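So the chains spell out like this:
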Amino acid sequence: MNTALTIAGSDSCGGAGIQADIKTMTCNGVYAMSAVTALTAQNTTGVTGIMEVTPDFLREQIKDVVTDIFPDAVKTGMVSSSELINVIVDCIKTYKLKNVVVDPVMVATSGAKLISDEAIGTLKSKLLPVATVLTPNIPEAEVLSQMEIKSEADMETAAKIINQQYGCSVLMKGGHSLNDANDYLYNGTEGTWFHGKRIDNPNTHGTGCTLSSAIASNLAKGLPLKTAVEKAKEYISGALGAMLDLGKGSGPINHAWNIK
């Protein structure tokens, strides 16, 4: 069985983070493993607390996993400090981890800031250059490209800027009122649009975590990047279309929609 490792924060209400990643990987047919970067106290209405693990403990989690069950792909999510990012990068290089999907989590769906300014600098200089593919949303892509993104042409330009700066493929996620969930993948030589239909569902908690984990799952199974993205978008469309409605805020999507 193919395997995937998520390195991310825990979401106590289960819709995002490690919990969403494990559900997604399982539903996409790979064995999921995890290294927790932080505990969060949160629900669908917001984040009330964040407790980071120590760099040494994160390193120990990753080492124990990869030296026993080597992952076919790795997904990184919420990493809120430079010290933790440095540990992840060191482990990626030391253990020659492959198919690294980086979801540059900076702000929660609820609007809570999840990463320090210093850590954003480390993310740019250290983690992005070792990524296979980066999956920023529009606000995150604006931070990384240092440009405003107001159109699909801007999405293409920003993706190229990020690719040129950091050398990884970029899946620029639409949404955020820009288009009907159309995403743009740029790999350094060619760009591909993935056209989606906007689903009228206010419950979108954890969609970014879910998409990046689905891509990692498909890469773990040996699919090429374009196919991995295409199948990941099909999965998340189904999870949104299931119209799960839980909680008082932006609720979670139904990760298990495809389980018969």
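Anyway, here's the lowdown on the structure attached to this text. If you're wondering where the values come from, they're calculated on a predicted model, not measured in any experiment. (Residues numbered from 1 in each chain as written. Predicted model: local features only at pLDDT ≥ 70, side-chain atom pairs only at ≥ 80, totals over all residues. Heavy atoms only, no water.)

Description of the packing of helix 5 (residues 138–145) against helix 6 (residues 152–166)
Moving on, step 1. Running from amino to carboxyl end, helix 5 crosses helix 6 at an angle of 50°, the nearest separation of the two axes being 9 Å. On the basis of the axis angle, helix 5 is oblique to helix 6. Relative to helix 6, the crossing made by helix 5 is left-handed. Across from I138, A141, L144 and S145 in helix 5, the residues of helix 6 making contact are M155, A158, I161, I162, Q165 and Y166.
Moving on, step 2. When its residues are assigned to classes, the contact of helix 5 with helix 6 shows eight nonpolar, two polar and no charged. (Axes fitted to C-alpha atoms, helices over the stretch in contact; angles between N-to-C directions. Helix = DSSP H or I, 4+ residues; strand = E, 2+ residues; numbered from the N terminus. Parallel < 35°, antiparallel > 145°, perpendicular 65-115°, else oblique. Left-handed = near helix turned anticlockwise from the far one by under 90°. Contact = heavy atoms within 4.5 Å. Nonpolar A, V, L, I, M, F, W, Y, C, P; charged D, E, K, R; others polar.)

Comments concerning the packing of helix 7 (residues 207–220) against helix 8 (residues 225–241)
Moving on, step 1. Running from amino to carboxyl end, helix 7 crosses helix 8 at an angle of 140°, the nearest separation of the two axes being 8 Å. Viewed along their axes, helix 7 and helix 8 adopt a mutual orientation that is oblique. With respect to the hand of their crossing, helix 7 and helix 8 are arranged in right-handed fashion. Across from T207, T210, L211, A214, I215, N218 and L219 in helix 7, the residues of helix 8 making contact are L225, A228, V229, K231, A232, K233, Y235, I236 and L240.
Moving on, step 2. Considering only residue class, the contact of helix 7 with helix 8 consists of 11 nonpolar, three polar and two charged.

Observations concerning the sheet that holds strand 1 (residues 3–11)
Paired through backbone hydrogen bonds, the strands of a sheet run either parallel or antiparallel to each other.
Moving on, step 1. A sheet is described by the order of its strands in space; here nine strands give the open sequence 3-2-1-4-5-6-7-8-9, paired in mixed fashion. Both outer strands of the open sheet, strand 3 (46–52) and strand 9 (191–194), are each paired with one neighbouring strand and no more.
Moving on, step 2. With nine bridges connecting them, strand 1 and strand 2 (residues 31–43) associate as parallel partners. The residue bridging L5 from the neighbouring strand is M33, located in strand 2. (Pairing = 2+ DSSP bridges.)

Focus: the packing of aromatic side chains
Moving on, step 1. The tally for this structure, following the rule as stated, stands at two aromatic pairs.
Moving on, step 2. Relative to W257, the ring of Y235 has its centre 6.1 Å away and its plane inclined at 35°; by these criteria the two rings are tilted. Taken together, the positions of Y235 in helix 8 and W257 in the segment after helix 8 put the pair 22 residues apart, joining distant regions of the chain.
Moving on, step 3. Residue W257 is classed as partly exposed on the basis of its relative accessible area of 32%. (Phe/Tyr/Trp six-rings, centres within 6.5 Å; stacked < 30°, edge-to-face > 60°. Buried < 20%, exposed > 50% of the residue type's maximum accessible area, 1.4 Å probe, protein only.)

Some remarks on the nonpolar core
Moving on, step 1. Counting residues in hydrophobic clusters, the biggest one holds 45 residues, and the most contacted among them are L58 and M172.
Moving on, step 2. In terms of residues, this core owes the most to one element, helix 3 (residues 82–94), which gives seven residues.
Moving on, step 3. Filtering out sequence-adjacent residues up to four positions away, L58 remains in contact with I7, A35, V36, T37, V53, L84, V87 and I88.
Moving on, step 4. Judged by nonpolar contacts, the second largest core, of 26 residues, contains A32, V101, A228 and V229. (Core = buried A, V, L, I, M, F, W, Y, C linked by side-chain atoms within 4.5 Å.)

A closer look at the environment of G17
Moving on, step 1. Structurally, the position occupied by G17 is in helix 1 (residues 17–27).
Moving on, step 2. The class for G17 is buried, based on a relative accessible area of 10%.
Moving on, step 3. Measuring from C-alpha to C-alpha, the distance between G17 and T37 comes to 10.0 Å, with 20 residues separating the pair along the chain.
Moving on, step 4. Setting aside its immediate chain neighbours within four residues, G17 contacts G9, D11 and C209.

Nothing here speaks to function; it is geometry throughout.
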